[in-house]
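Listed here are the chains, written in short residue letters.
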Amino acid sequence: SITLQHGAHRIGNRTDAGMARWRSLRLGQFIHWGLYAIPGGEWKGKTYNGAAEWIRSWKEMPQAEYDNLYKQFNPVNYQPEQWALQAKNMGAKYMIITTKHHDGFCLWPSKYSRYTVASSPWKKDIIGPMVDAYNKNGIDVYLYFSIIDWNHPDWRASPKTPADSIAYGRFKVFVKNQLQELLTKYPTIKGFWFDGTWDDSWKNDGAFSDELEQYLQKIHPGLIIGSRLRADEKGARHFDSNGRLMGDYEQGWERKLPEKIADIHGNDWEGVMTIPENQWGYNARWAGHIKSANELIEMLVKSTSLAGNFVINFGPKSDGTFRTEEVQRMQEIGQWMKVNGAAIYNGGYAGFEKQDWGYYIRKNGTDSVFMVVCNVPVSGDLRVKLPQQTTLTHAATLENPAQAITPEVTGKNEYFLRLETKNFHTPVVILLQTSRNT
Ligand SMILES: C[C@@H]1N[C@@H](C#Cc2ccccc2)[C@H](O)[C@@H]1O
């Protein structure tokens, strides 16, 4: 390995209580909300085919016109308490809100910028009431913050001249000030979710990203910050030039998930997922494949089975309401979580041989293992192969815990569980009590 000043400062996962809590939450809600919800993927009769929150970069969108959308930001139907209750009923235990996306518009009245809600017809702080409402409902809040800021005069993707470098130096002070301001105004937040850290200016300044992370931890000990913030002094991101994870969890799983346990290299990780293929902000026209509640539940189960968190994204409309399809997903997922949440919260890798019918999840630190059946075999027989020296002592679904399923023992550590019925409309969860033969 090579000597690095600004690589990973810790080997292995965090072991403190704050990180253990993050690890137990498993299901999060992402919210992308901002000026981009006003055009909603369309402009003057034309449809933007990219991600709605990137419409400012579309050649058909005059940047000055986009930058003036703040004069229309007035979410008269914004009800943070309703948002929080809806998230609670979905079973989300944490929420990530865009305080500022790449367009630079701040959903809080920052004293370091005029490009904020304070300048809009709405005038009031959006973030504060949201943090309060979610915390009141027992949901932790993380603040999304984009380093890229297309609106700020000192932002540079790739400084070319000495003047660029001086401007970008001012920009770094602005970033540090805004982050300190967010921590001061919203002290109950549990961490930052950084984005927009791929440009040269950031990638080639590993020292600053390192110093910034240490500064934030100093003023707010225990903050949880993913790997996307950091670069090392050689421009390596997420993993330093020695292959070690920087930050508190791997934050690269965006619209994709690991397939097997080897893919996570023992690191804490989090997957973030859109319901359409690639829309984070509100898009009036949802085209392409729209994920069903069952698809999202299976992704949540898969993530939990691989010891990771799973965050589902929602893009509220400019008036502060959610589109019907998103409300339906939250309700359907919530119904499943009400019955089966015990398999998700505090769930982790079981260490059992993967079977075709679905996923194993171990309740962390116990001998309780859940089978989540997503693919019901036409035979109705579920094969369970246990590790050596492990025996099955009891099995029953979470839906009918009093109705034990008598396993058929077929050989060394192998059982078949027969399902009473094969017609399920959502993944079915069976709790296995096992014991290790010491
Ligand atoms: C969490 C997500 N990250 C942002 C992005 C991006 C992006 C930008 C360029 C190439 C590939 C992905 C999206 O706008 C959304 O905020």
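This text follows the structure it describes.
What counts and how
- Residues numbered from 1 in each chain as written.
- Predicted model: local features only at pLDDT ≥ 70, side-chain atom pairs only at ≥ 80, totals over all residues.
- Heavy atoms only, no water.
- Near = heavy atom within 4 Å.
- Polar contact = N/O pair within 3.5 Å; in protein donor to acceptor, adjacent residues only side chain to side chain.
- Areas by Shrake-Rupley, 256 points an atom, 1.4 Å probe, with all protein chains shown as cover.
- Nonpolar A, V, L, I, M, F, W, Y, C, P; charged D, E, K, R; others polar.
- Pairing = 2+ DSSP bridges.
- Helix = DSSP H or I, 4+ residues; strand = E, 2+ residues; numbered from the N terminus.
- Contact = heavy atoms within 4.5 Å.
- Axes fitted to C-alpha atoms, helices over the stretch in contact; angles between N-to-C directions.
- Parallel < 35°, antiparallel > 145°, perpendicular 65-115°, else oblique.
- Left-handed = near helix turned anticlockwise from the far one by under 90°.
- 1 Å grid on protein atoms, 1.4 Å probe; cavity = no way out; pocket = protein on both sides within 12 Å on 5 of 7 lines; lining within 4 Å.
- Points joined across faces, edges and corners; volume = space filled by probe spheres on them.
- Expected span 1.5 Å × (residues − 1).
- Buried < 20%, exposed > 50% of the residue type's maximum accessible area, 1.4 Å probe, protein only.

Here the focus is the site of the ligand. Taken together, His 32, Glu 53, Trp 54, His 101, His 102, Tyr 144, Trp 193, Asp 195, Trp 198, Glu 254 and Trp 280 make up the full set of residues near the ligand. Separating an oxygen atom of the ligand from a side-chain N or O atom of Trp 54 is a distance of 3.1 Å. Here a nitrogen atom of the ligand and a side-chain polar atom of Asp 195 are 2.8 Å apart. Protein contact buries 71% of the 400 Å² of open area that the ligand shows by itself. Looking at the shell around the ligand residue by residue, the class counts come to five nonpolar, three polar and three charged.

The next thing to look at is the sheet that holds strand β7 (residues 224-225). Overall, parallel pairing links the eight strands, which are arranged β7-β6-β5-β4-β1-β10-β9-β8 in an open sheet. In this open sheet, the two strands that pair with only one neighbour each are β7 and β8 (250-254). Pairing between β8 and strand β9 (residues 269-273): three bridges, direction parallel. Along β9, the bridge assignment pairs Glu 250 with Trp 269. The sheet contacts of helix α9 (residues 324-340) involve β1 (27-31) and β10 (308-314), and relative to β10 the element is tilted by about 150°.

Between helix α3 (residues 80-90) and α9, the least distance of the axes is 7 Å, while the angle of their chain directions is 45°. In terms of their interaxial angle, α3 and α9 are classed as oblique. Of α9, the residues touching α3 (which contributes Gln 86, Asn 89 and Met 90) are Val 327, Met 330, Ile 333, Gly 334, Met 337 and Lys 338. Here the contact of α3 with α9 is built from residues that sort into five nonpolar, three polar and one charged.

Bringing the packing of helix α5 (residues 162-185) against helix α7 (residues 206-219) into the picture now. It is the contact of α5 with α7, at a shortest axis distance of 11 Å, that shows an interaxial angle of 20°. Classified by the interaxial angle, the pair formed by α5 and α7 is roughly parallel. Relative to α7, the crossing made by α5 is right-handed. Contact residues: α5 offers Lys 172, Val 175, Lys 176, Leu 179, Gln 180 and Leu 183, while α7 offers Phe 208, Leu 212, Tyr 215, Leu 216 and Ile 219. Of the residues in the contact of α5 with α7, the class split is eight nonpolar, one polar and two charged.

We now examine the layout of surface pockets. Of the voids in this model, the largest pocket is the one considered here, and its volume is about 490 Å³. Lining the largest pocket are 26 residues, with Thr 397, Glu 399, Asn 400, Phe 424 and Val 428 sitting closest to its centre. Of all the secondary structure elements, the ones that give two or more residues to the lining of the largest pocket are α8 (293-305), α9 and β18 (428-436). Considering every element that reaches the lining of the largest pocket, the biggest residue donor is α9, with five residues.

Glancing now at the pairing of strand β17 (residues 414-418). Pairing of strand β14 (residues 381-385) with β17 involves five bridges; the strand directions are antiparallel. The partner of Val 384 across the bridge, within β17, is Tyr 415. Bridge count for strand β16 (residues 408-411) against β17 is three bridges, and the pairing is antiparallel. Across the sheet, residue Gly 411 finds its bridge partner in β17, namely Glu 414.

A word on α5. For α5, with 24 residues, the first-to-last C-alpha span of 35 Å sits near the 34 Å given by 1.5 Å per residue. Taken together, the buried positions of α5 are Asp 164, Ala 167, Tyr 168, Phe 171, Lys 172, Phe 174, Val 175, Gln 178, Leu 179, Glu 181, Leu 182 and Leu 183. In this structure, the buried side of α5 is in contact with β4 (94-100), β5 (140-146), β6 (191-195), α6 (200-203) and α7.

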